[in-house]
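# Fold and geometry: a report
Residues per chain, in single letters:
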Amino acid sequence: MDKYQKDEIYMLRDRGLLVSEISFITKINPSTIQSFLERHPINPNKDICRFCGKPLQHTKGKMKKTYCSDLCRLHYNRQKQRFMKLLAKRNEQ
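Everything in this summary refers to the structure shown in the same document. (Residues numbered from 1 in each chain as written. Predicted model: local features only at pLDDT ≥ 70, side-chain atom pairs only at ≥ 80, totals over all residues. Heavy atoms only, no water.)

## Looking at a positive patch on the surface
Just so we agree on the cut-off: Think of a patch as exposed residues, more than 30% relative accessible area, with no salt bridge, where like charges cluster within 9 Å and nonpolar side chains (Val, Leu, Ile, Met, Phe, Trp, Tyr) cluster within 5 Å. For the accessible areas, the method is Shrake-Rupley and the probe is 1.4 Å, while residue cover comes only from the protein chains on display. Every case where a carboxyl oxygen of Asp or Glu lies within 4 Å of a side-chain nitrogen of Lys or Arg is listed as a salt bridge. Note that His is not counted, nor are the chain ends; the positive residues are Lys and Arg, and the negative ones are Asp and Glu. Every charge is mapped onto a representative atom, which is NZ of Lys, CZ of Arg, CG of Asp or CD of Glu. Strands here mean DSSP runs of E at least two residues long; helices mean DSSP runs of H or I at least four residues long; both are numbered from the N terminus. For each residue, the accessible area found with a 1.4 Å probe, counting protein chains only, is set against the maximum for its type, and the residue is called buried under 20%, exposed over 50%, and partly exposed in between.
A cluster of basic residues, Arg78, Arg82, Lys85 and Lys89, forms a positive patch at the surface. Counting through the fold element by element, Lys85 comes out in helix α4 (residues 70-92). Relative accessible area serves as the criterion here: at 60%, Lys85 is assigned to the exposed category.

Below, the structure is given as structure tokens:
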């Protein structure tokens, strides 16, 4: 993997994409991406919305947030469903 591919993996992972989605975009084996991310974590202390990238405000004593709002959660799930359909079509061919 060259530096460009590594930077692209980091960028896509920062946007909240799954390993399978990154693999589809970059045409790299998912296990290669998974092992790379395990060996070189992005920043485990970074708390950002999985969809829009805004910093999250956590409430003490509550479960940590993943999305900044319900709208971001819905958009992320719709995007993920579209991707999974596209992936299923690709595997059928």
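Next, the rest of the story.
## Side note on the packing of aromatic side chains
Spelled out, the test is: In this analysis, rings of Phe, Tyr and Trp, with Trp reduced to its six-membered ring, are considered paired at centre separations within 6.5 Å, and the interplanar angle assigns stacked below 30 degrees, edge-to-face beyond 60, and tilted for intermediate values.
Throughout the structure, instances matching the rule amount to three aromatic pairs. Between Tyr10 and Phe36, the aromatic rings sit 5.4 Å apart at their centres with planes inclined by 45 degrees, giving tilted as the arrangement. Residue Tyr10 is found in helix α1 (residues 3-14), and its partner Phe36 is found in helix α3 (residues 30-39); the two are separated by 26 residues along the sequence. Judged by relative accessible area, Tyr10 falls into the partly exposed class, the value being 23%.

## A few points about the packing of helix α2 (residues 19-26) against α4
Test applied: As a rule, the C-alpha atoms of each element are fitted with a line to give its axis, helices using only the stretch in contact, and angles between N-to-C directions run from 0 to 180 degrees. An angle counts as roughly parallel when it lies under 35 degrees, as roughly antiparallel when it exceeds 145, as roughly perpendicular when it falls between 65 and 115, and as oblique in every other case. Helix crossings are classified by the rotation of the near helix relative to the far one: an anticlockwise turn of less than a right angle makes the crossing left-handed, while a clockwise turn makes it right-handed. For this analysis, residues touch if any pair of their heavy atoms sits within 4.5 Å. The nonpolar class holds Ala, Val, Leu, Ile, Met, Phe, Trp, Tyr, Cys and Pro. Asp, Glu, Lys and Arg form the charged class, and all remaining residues, Gly among them, are polar.
One can describe the packing of α2 onto α4 by two numbers: an axis separation of 11 Å at closest approach and a directional angle of 55 degrees. Overall, the two elements α2 and α4 adopt an arrangement that is oblique. Crossing geometry of α2 relative to α4 is assigned as left-handed. Residues Ser20, Glu21 and Phe24 of α2 touch α4, and the partners they reach there are Lys80, Phe83, Leu86, Leu87 and Arg90. Partitioning the contact of α2 with α4 into residue classes produces four nonpolar, one polar and three charged.

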